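Okay, here's what each chain looks like letter by letter:
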Amino acid sequence: MERAIQIGLLGLGTVGTGVASIIKQHQETLSHQIGRPIEIKRAFVKDLHKSREPWLSSLELTEDVNAIIQDPSIDVVIEVMGGIDETYQYVERALKEKKHVITANKDLMAEYGSTLLHKANDLHCDLFYEASVAGGIPIIRTITDGLSADKLTKIMGIVNGTTNYMLTKMTEEKRTFDDVLDEAQTLGYAEADPTADVDGLDAARKMAILATLAFSTQVYISDVSVKGIRTVSDIDLSYCERFGYTMKLIGLAQKDEGQLEVRVEPTLLPNTHPLANVHNEYNAVLVEGEAMGESMYYGPGAGSLPTATAVVSDLVTVAKNIQRRVHGMSYQTPMFQTTFKQENEIQSPYFIRLHVYDRAGTFAAITTLFAQHDVSFERLIQLPLADQQEQAEVVLITHTTTVAIIKELVAKLKQLEAVADVASYYRVEQKG
Ligand code: NAP
Ligand code: HSE
């Protein structure tokens, strides 16, 4: 057998430890697939003195990144340290040293993915990033390999485990936002700074990566319209249940007559929708193609071993490419220019919850405003507000309208004398 493929790890935290574990536990089957053993030569960490699992003691650690990037015997660099700017420098330098790179870092790939893929291609290196989206679901390989013959039209998914866990627990156990966020952090699903999870940025980065690949066009994070789950209350969730819907943080990327929309927002899904039944920290991605129709992929979105499995699967691909001497990422660099839909072109029904003054003329004022905007009601209820004697809660779902109209309508509702407050509004996925 040829010499072992030598790995340099950048990071030995949750994912890095999982990668070391899988390489150790599955060594026999991995080397059978590749035709060569795999060895971790060294791991770059921030703190050499941090306490680590005892079985890692045989691994050589370093605080000097050059001990990896400039070591000519290292074939593949696995970046599992996180961060953007410093990490970009390391990955770029590793590629220049003709090392293949694997990363789990969606922040890096959403920001610099195309630049790095072009550099990798020019340098005849591989750069794989399966673990960056939906940890344990091989969705990137599915799009680039499994579905490569189709023209994809839509990607719709739950791609953030933390918020899915939170919404599930808030709905099923009637617990508060803060309580379930603490739990998601304790369980290790949330980012170090969980604002990226709850404000939708983590999901937006993943959707930018998926949309770039699926439509072979450059989608930047700034092209993604983002709304997180901070506004979602137990009251919203109880109305969802009452109306036969489930609230999920949905990432949506769809192409329609050459124009693209990419959005992340809390969305009411009919209970019969396949994504409505994806609970807890699980992720799922529904893909629609012109030829294939719909298919859906489901699995754990985070966690040490599921994420590490994706990283090591990338490593197997790189190792096979080393054996075959075929490298380069040209097939993943964007091919088309695109235009993005404007808000007056993006259509959907909406859920709106209002607090109104419970007196004569209130309904007339509200319905007049809706009629002026050509928005009709699919359903509507009014209930007394327990804690505000002179107010009532009006909850409604509209027929299809546009984002631009709904925003204008909400702004005008807030100005009506009859309306005390627009408590919330969310996109509704149409019933099939
Ligand atoms: P983590 O547990 O915080 O581990 C980070 C590792 O990188 C640690 O070993 C740390 O060293 C090292 N490190 C960080 N900054 C460094 C620096 N400036 N210089 C040297 N070493 C540094 O993070 P993680 O959860 O494994 O996540 C790693 C990456 O995978 C991130 O990009 C994350 O978004 C992505 N990811 C994570 C998951 C998940 O479930 N955790 C899922 C999908 C993708 P010390 O050990 O000395 O502190
Ligand atoms: N914080 C992320 C999530 C981790 O909750 O999905 C996996 O990317």
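Residues numbered from 1 in each chain as written. Chains lettered and ligands numbered in written order. Predicted model: local features only at pLDDT ≥ 70, side-chain atom pairs only at ≥ 80, totals over all residues. Heavy atoms only, no water.

**What to know about the packing of helix α5 (residues 106-122) against helix α10 (residues 201-214)**
Here's step 1: Two elements in contact, α5 and α10, have axes whose closest approach is 9 Å; the angle formed by their N-to-C orientations is 50°. Between α5 and α10, the interaxial angle falls into the category oblique. Like other packed secondary-structure pairs, α5 and α10 cross with a definite hand, here left-handed. Here Lys106, Asp107, Met109 and Ala110 of α5 come into contact with α10, specifically with Asp202, Arg205, Lys206 and Ile209. (Axes fitted to C-alpha atoms, helices over the stretch in contact; angles between N-to-C directions. Helix = DSSP H or I, 4+ residues; strand = E, 2+ residues; numbered from the N terminus. Parallel < 35°, antiparallel > 145°, perpendicular 65-115°, else oblique. Left-handed = near helix turned anticlockwise from the far one by under 90°. Contact = heavy atoms within 4.5 Å.)

**Quick word on the side chain of Asp107**
Here's step 1: By the secondary structure assignment, Asp107 is in helix α5.
Here's step 2: Side chain to side chain, Asp107 and Arg205 meet in a polar contact 3.4 Å long. (Polar contact = N/O pair within 3.5 Å; in protein donor to acceptor, adjacent residues only side chain to side chain.)

**Quick notes on the nonpolar core**
Here's step 1: With 75 residues, the main nonpolar core has Ile139, Ile155, Leu210 and Phe351 as its most contacted residues.
Here's step 2: Tallying contributions element by element places α10 first for this core, with nine residues.
Here's step 3: Non-local contacts of Ile155, meaning those with residues more than four positions away in its chain, are made with Ile143, Met207, Leu210, Ala214, Gly251, Leu252, Ala253, Val285, Leu286 and Val287.
Here's step 4: Leu56, Ile78, Ala104 and Val316 belong to the second-largest nonpolar core, a separate cluster that totals 33 residues. (Core = buried A, V, L, I, M, F, W, Y, C linked by side-chain atoms within 4.5 Å. Buried < 20%, exposed > 50% of the residue type's maximum accessible area, 1.4 Å probe, protein only.)

**Things to note about the environment of Gly161**
Here's step 1: By the element assignment, Gly161 lies in helix α7 (residues 161-173).
Here's step 2: The sequence separation of Gly161 and Gln218 amounts to 57 residues, and the corresponding C-alpha distance is 25 Å.
Here's step 3: Excluding residues within four positions of it along the chain, Gly161 makes contact with Asn280, Glu281 and Asn283.

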